[in-house]
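The residues making up each chain are set out below.
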Amino acid sequence: MAVLQWLKNNLPAKGSRNYLLRGGLWIAAEQTVTTAIGILFGIVLVRTFTQADYGTYKYFFSLFAVLQIFLWNGMNAAVIQAMGRGDINAFSAVVRFRLRWAPLFFFASATISLYYAVRGEYGIAGAFLIVAILHPLSTAFTTYQPYLQGAKKIGLSVFISLTTHITITGAMITTLV
């Protein structure tokens, strides 16, 4: 409590101070819940998967992380900054930009999927095919989160993010158990 009082007294402007404190608390709460969900999901994975299946899971997500280069995830910071400056057109520009790069991600993921299908590893081939189809669209259209953050609607952004995260993780755990 002493830290909050010190921040209230030493931060420069009242509007900025309140925004920082409220926004920071929302983001800290989101990170805490997301971390707890990740730990829970990790425990479920370790208890459910065999060692070989877990290795395949980790391998898939390692390749998936490399493919994310084509989705320009750093654009979220640009949207937040642009919204902070009052440029409301940044959101639609970033969505269009990401959709222009989506075919490259699709092609790369589909090629990996085809490679594994030819080798007879249909599980990982199917996973890459699903990612090839769904992920570019979901990434482009989740640009609303930085848009909301830049528009100083952090509480709504955190609520939507946590709802989505909990729903997806819950669905994944349900299919595993």
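Residues numbered from 1 in each chain as written. Predicted model: local features only at pLDDT ≥ 70, side-chain atom pairs only at ≥ 80, totals over all residues. Heavy atoms only, no water.

## A closer look at the overall build of the protein
Reasoning step 1: When helices and strands are tallied, the protein shows eight helices and zero strands.
Reasoning step 2: The buried share among the 177 residues of the protein stands at 29%.
Reasoning step 3: Considering only intrachain contacts with a sequence separation of at least 6, the fraction spanning at least 24 residues in the protein is 71%.
Reasoning step 4: Counting only carbon and sulfur atoms, one obtains 70% of the accessible surface of the protein, whose full area is about 11300 Å². (Helix = DSSP H or I, 4+ residues; strand = E, 2+ residues; numbered from the N terminus. Buried < 20%, exposed > 50% of the residue type's maximum accessible area, 1.4 Å probe, protein only. Contact = heavy atoms within 4.5 Å. Areas by Shrake-Rupley, 256 points an atom, 1.4 Å probe, with all protein chains shown as cover.)

## As for the nonpolar core
Reasoning step 1: Phe60, Phe64, Leu67, Leu71, Phe105, Ala108, Ile112, Tyr116, Ile124, Ala125, Phe128 and Val131 together form the largest nonpolar core, which totals twelve residues.
Reasoning step 2: Looking at this core, the elements with two or more residues in it are α3 (51-67), α5 (90-118) and α6 (122-141).
Reasoning step 3: Sequence-distant contacts of Phe60, defined by excluding residues within four places in its chain, comprise Ile124, Ala127, Phe128 and Val131. (Core = buried A, V, L, I, M, F, W, Y, C linked by side-chain atoms within 4.5 Å.)

## Brief notes about the environment of Val95
Reasoning step 1: Mapped onto the fold, Val95 is located in helix α5.
Reasoning step 2: Residue Val95 is classed as buried on the basis of its relative accessible area of 8%.
Reasoning step 3: In this structure, the C-alpha to C-alpha distance between Val95 and Ala140, residues 45 residues apart in sequence, is 5.2 Å.
Reasoning step 4: The contacts of Val95, once residues within four sequence positions are left out, are Ala140, Phe141 and Thr143.

## Regarding a nonpolar patch on the surface
Reasoning step 1: Side chains of Phe106, Phe107, Leu129, Ile130, Ile133 and Leu134 sit close together on the surface and give an oily, nonpolar patch of about 610 Å² of accessible area.
Reasoning step 2: Counting only elements with at least two residues in the nonpolar patch, the list comes to α5 and α6.
Reasoning step 3: With respect to the secondary-structure elements, Phe107 resides in helix α5.
Reasoning step 4: Look at Phe107 and you get exposed, because its relative accessible area is 57%. (Patch = residues over 30% accessible without salt bridge, like charges linked within 9 Å, V, L, I, M, F, W, Y side chains within 5 Å. Salt bridge = Lys/Arg side-chain N within 4 Å of Asp/Glu carboxyl O.)

## A word on helix α8 (residues 154-176)
Reasoning step 1: With 23 residues, α8 should cover 33 Å at 1.5 Å per step; its first-to-last C-alpha distance of 33 Å lies within 8% of that length.
Reasoning step 2: Taken together, the buried positions of α8 are Ile154, Gly155, Ser157, Val158, Ser161, Leu162, Thr169 and Ile173. (Expected span 1.5 Å × (residues − 1).)

By themselves, these figures tell us nothing about what the structure is for.
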